[in-house]
Amino acid sequence: MFSPLGPPLDVLTKTKSQSRPAHRSSKSTSQPSEAASPAARAAISLEYASLRNRSHCPLGLYVVPTAENLLVWDAVLFIHQGYYADSILKFKLTFPYNYPERPPAVQFINDVFHPLISSSGTFALTPQIRAWRPNQHHVFDVLHFIKAAFKRDVLDKIEEADCLNKEAYKYHESTTSFAALATQTSSLSQSDTALYDKGQFSLKTKPAHAIHFAKLKVKTLKEERERLGFGEWQLD
């Protein structure tokens, strides 16, 4: 069964020299892995290993450390219900060199209309984690809140002071307008430019992402469906 986590860290290290370079430039402000203390690197490695616990990595969320830098993880979230149904959202987790003293930063690669996401993609953790407590808060807390933030019950409780997108906060005034813009986010995330990284300007201005999607040939798709025991799709 396909794991929501990528390959083990030792495999990532072995394949580092074989990893293909990102096709868009990135001015990342993250520290190289070597800048982190041995304790920080150990803590981050343990956080990744802990995600193999069934309850730690949320369903529909896939994450893998980048081959070049243990302090940077790439992730993708598939949303199946609610305002953002059918969205496929890519984001990055960037750990500070002194982790776990400070929390990882979260940045979305897609353009997402959401109260807690700024125009540059920065995601606010404050509604869930007011004060980060080392060894008490963990990466799985962050991942579960990221997924929960797209659900109606969490959106209803967001306070304006925590919002990075004040326009999206007007959700409380007009759910109809908000729903339309959330649907637009979903549609854009499924477009070829966003899903297959095909030259969308807003994506070029954000960090490169290691999780890539590619279209399957009809023959390959059929073979995979048969291998997994799926029947034929019924076309309308």
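Before reading on, note that the structure itself is shown above.
These numbers were taken from a predicted model, which means no experiment stands behind them.

Basis of the calculations
Residues numbered from 1 in each chain as written. Predicted model: local features only at pLDDT ≥ 70, side-chain atom pairs only at ≥ 80, totals over all residues. Heavy atoms only, no water. Buried < 20%, exposed > 50% of the residue type's maximum accessible area, 1.4 Å probe, protein only. Helix = DSSP H or I, 4+ residues; strand = E, 2+ residues; numbered from the N terminus. Pairing = 2+ DSSP bridges. Salt bridge = Lys/Arg side-chain N within 4 Å of Asp/Glu carboxyl O. Polar contact = N/O pair within 3.5 Å; in protein donor to acceptor, adjacent residues only side chain to side chain. Contact = heavy atoms within 4.5 Å. Axes fitted to C-alpha atoms, helices over the stretch in contact; angles between N-to-C directions. Phe/Tyr/Trp six-rings, centres within 6.5 Å; stacked < 30°, edge-to-face > 60°.

**Description of the pairing of strand β2 (residues 72-78)**
At step 1: The element β2 is largely enclosed, with a buried count of six among its seven residues.
At step 2: As paired strands, strand β1 (residues 61-65) and β2 are joined by five bridges and run antiparallel to one another. Note that in β2 the partner of Tyr62 across the bridge is Val76.
At step 3: Between β1 and β2, which pair antiparallel one after the other, the connecting turn spans six residues.
At step 4: Taken together, the seven bridges between β2 and strand β3 (residues 88-94) define a ladder with antiparallel strand orientation.

**Section: the pairing of strand β4 (residues 105-108)**
At step 1: Here β4 shows a buried face lined by Val106 and Phe108 and an unburied face lined by Ala105 and Gln107.
At step 2: Where β3 meets β4, four bridges bridge the pair, whose relative direction is antiparallel. For Phe91, the partnering residue across the bridge sits in β4 and is Phe108.

**What to know about the pattern of salt bridges**
At step 1: The tally for this structure, following the rule as stated, stands at five salt bridges.
At step 2: The partner of Arg130 in a salt bridge is Asp162, and the shortest N-O contact between them spans 2.7 Å. Of this pair, Arg130 sits in the loop between β4 and α3 (139-148) while Asp162 sits in the loop between α4 (152-157) and α5 (166-169); the two residues are 32 residues apart in sequence, bridging distant segments of the chain.
At step 3: Taking the shortest distance from any N to any O, the salt bridge between Glu224 and Arg227 comes out at 2.8 Å. A residue pair is termed a helical-turn pair when its members lie 3 or 4 positions apart in one helix, as Glu224 and Arg227 do in helix α9 (residues 218-227) at three residues.
At step 4: Glu224 gets classed as partly exposed once you look at its relative accessible area, which sits at 32%.

**Description of the side chain of Asp74**
At step 1: With respect to the helices and strands, the residue Asp74 is situated in strand β2.
At step 2: The buried category is assigned to Asp74, whose relative accessible area is 1%.
At step 3: In terms of polar contacts, Asp74 uses its side chain to reach the side chain of Lys92, at 2.4 Å.
At step 4: Look past the residues within four positions of Asp74 in its chain and what remains in contact with it is Tyr62, Val63, Val64, Thr66, Phe91, Lys92, Ala208, His209, Ala210 and Ile211.

**What to know about unusual backbone geometry**
At step 1: Cis geometry marks the peptide bond from Tyr99 to Pro100; its omega dihedral reads 15°.
At step 2: Looking at the element boundaries, Pro100 is found in the loop between β3 and β4.
At step 3: Look at Asp86: it is not a glycine, yet its phi comes out positive at around 75°.
At step 4: Checked against the element boundaries, Asp86 lands in the loop between β2 and β3.

**Some details on the sheet that holds β4**
At step 1: In space, the four strands of this open sheet follow the order β1-β2-β3-β4, with antiparallel pairing throughout. Because the sheet does not close on itself, it has two edges, and the strands there are β1 and β4. Sheet twist, expressed as the average angle between the axes of neighbouring strands with direction ignored, equals 20°.
At step 2: Lying on the sheet, α3 is in contact with β1, β2, β3 and β4; it crosses β3 at an angle near 150°.

**Overview of the packing of aromatic side chains**
Aromatic rings considered in pairs are described by the distance between their centres and by the relative angle of their planes.
At step 1: Taken as a whole and assessed by the stated rule, the structure comprises 16 aromatic pairs.
At step 2: With centroids separated by 6.1 Å and ring planes inclined at 85°, the aromatic side chains of Tyr84 and Phe178 adopt a geometry described as edge-to-face. Here the residue Tyr84 occupies a position in the loop between β2 and β3, and Phe178 occupies one in helix α6 (residues 175-189), the gap between them amounting to 94 residues. Accessibility assignment for this pair places Tyr84 and Phe178 in one class, buried.
At step 3: Residues Phe123 and Phe145 carry aromatic rings whose centres are separated by 5.7 Å and whose planes lie at 55° to one another, so their mutual orientation is tilted. Placement of the pair is Phe123 in the loop between β4 and α3 and Phe145 in helix α3, with a sequence separation of 22 residues. Each member of the pair, Phe123 as well as Phe145, carries the same accessibility label: buried.

All we've got here are geometric facts, nothing functional implied.
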